[in-house]
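Structural overview
Letter by letter, the chains look like this.
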Amino acid sequence: MNFRLSNQIWASLLSLLLWVVVGITAIGYIPTALALEYNKEILIEADFSGRDLTDSSFTKANLRQSNFSHSNLRGVSFFAANLESANLEGVDLTNATLDSARLINANLTNAVLEGAFAANAKFDGAIVDGADFTDVLLREDEQKKLCKVAKGTNPATGRDTRDTLFCP
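Now for a description of the structure that goes with this document. (Residues numbered from 1 in each chain as written. Predicted model: local features only at pLDDT ≥ 70, side-chain atom pairs only at ≥ 80, totals over all residues. Heavy atoms only, no water.)

Our next topic: the overall build of the chain. Along the backbone of the chain there are 3 helices and 2 strands. Secondary structure elements in the chain, listed N-terminal to C-terminal, are α-β-β-α-α. Within the chain, counting contacts between residues at least 6 apart in sequence, those at least 24 apart form 8% of the total. When the accessible surface of the chain is summed, it comes to about 9,500 Å², and 56% of that surface belongs to carbon and sulfur atoms. (Helix = DSSP H or I, 4+ residues; strand = E, 2+ residues; numbered from the N terminus. Contact = heavy atoms within 4.5 Å. Areas by Shrake-Rupley, 256 points an atom, 1.4 Å probe, with all protein chains shown as cover.)

Written out as structure tokens, the structure reads:
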């Protein structure tokens, strides 16, 4: 009888161990960032620095003076968002939507905007030192404004800001 009880205990322990291993393995497959929605939120001076916000949405959000420095913003939607005086230093905005966004006086130092859609974005007074605008869809008048202040090379991509903006 003791032998049978001992086998049942060992079988239960092994089963429990198997479920722990399966659970730990499954956790490894959970995405590191879940897309968040901040649409139409008032987030003035909010701190999102150093975060992974991949595919999140800030459509029509008021993000004036917010800090996104060194964040992963790949695929994020800032459609019609107010990013006036926002800190976007060192962010990755690859394939982000910036259409109709206000980036007036925003700090885009060393930002990567590769493939971003910014057709109606406003960049008046923005700091773009070292920013990478490769394949960014911009209005011609905004591109000319940016060329007047563009300088530097992006440390992540090695591309010259003026070259990525096709400045003369």
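Taken as a whole and judged by the stated rule, the model has 8 aromatic pairs. Seen from their ring centres, F48 and F58 are 5.4 Å apart, and the 85° between their planes marks the pair as edge-to-face. One end of the pair, F48, is in the loop between α1 (2–28) and β1 (117–118); the other, F58, is in the loop between α1 and β1, with 10 residues separating them in the sequence. We classify F48 as buried; its relative accessible area is 5%. We classify F58 as buried; its relative accessible area is 0%. Seen from their ring centres, F58 and F78 are 5.1 Å apart, and the 20° between their planes marks the pair as stacked. Of this pair, F58 sits in the loop between α1 and β1 while F78 sits in the loop between α1 and β1, placing them 20 residues apart in sequence. Residue classification places F78 among the buried positions, given a relative accessible area of 0%. (Phe/Tyr/Trp six-rings, centres within 6.5 Å; stacked < 30°, edge-to-face > 60°. Buried < 20%, exposed > 50% of the residue type's maximum accessible area, 1.4 Å probe, protein only.)

Inspection of every chain in the model, using the stated rule, returns 1 disulfide. The partner cysteine of C147 in its disulfide is C167, sulfur to sulfur 2.0 Å. Here the disulfide of C147 and C167 is left-handed, its torsion about the S-S bond being about -95°. Here the residue C147 occupies a position in helix α2 (residues 140–149), and C167 occupies one in the segment after α3 (161–164), the gap between them amounting to 20 residues. Residue C147 shares its accessibility class with C167, and that shared class is buried. (Disulfide = S-S within 2.5 Å.)

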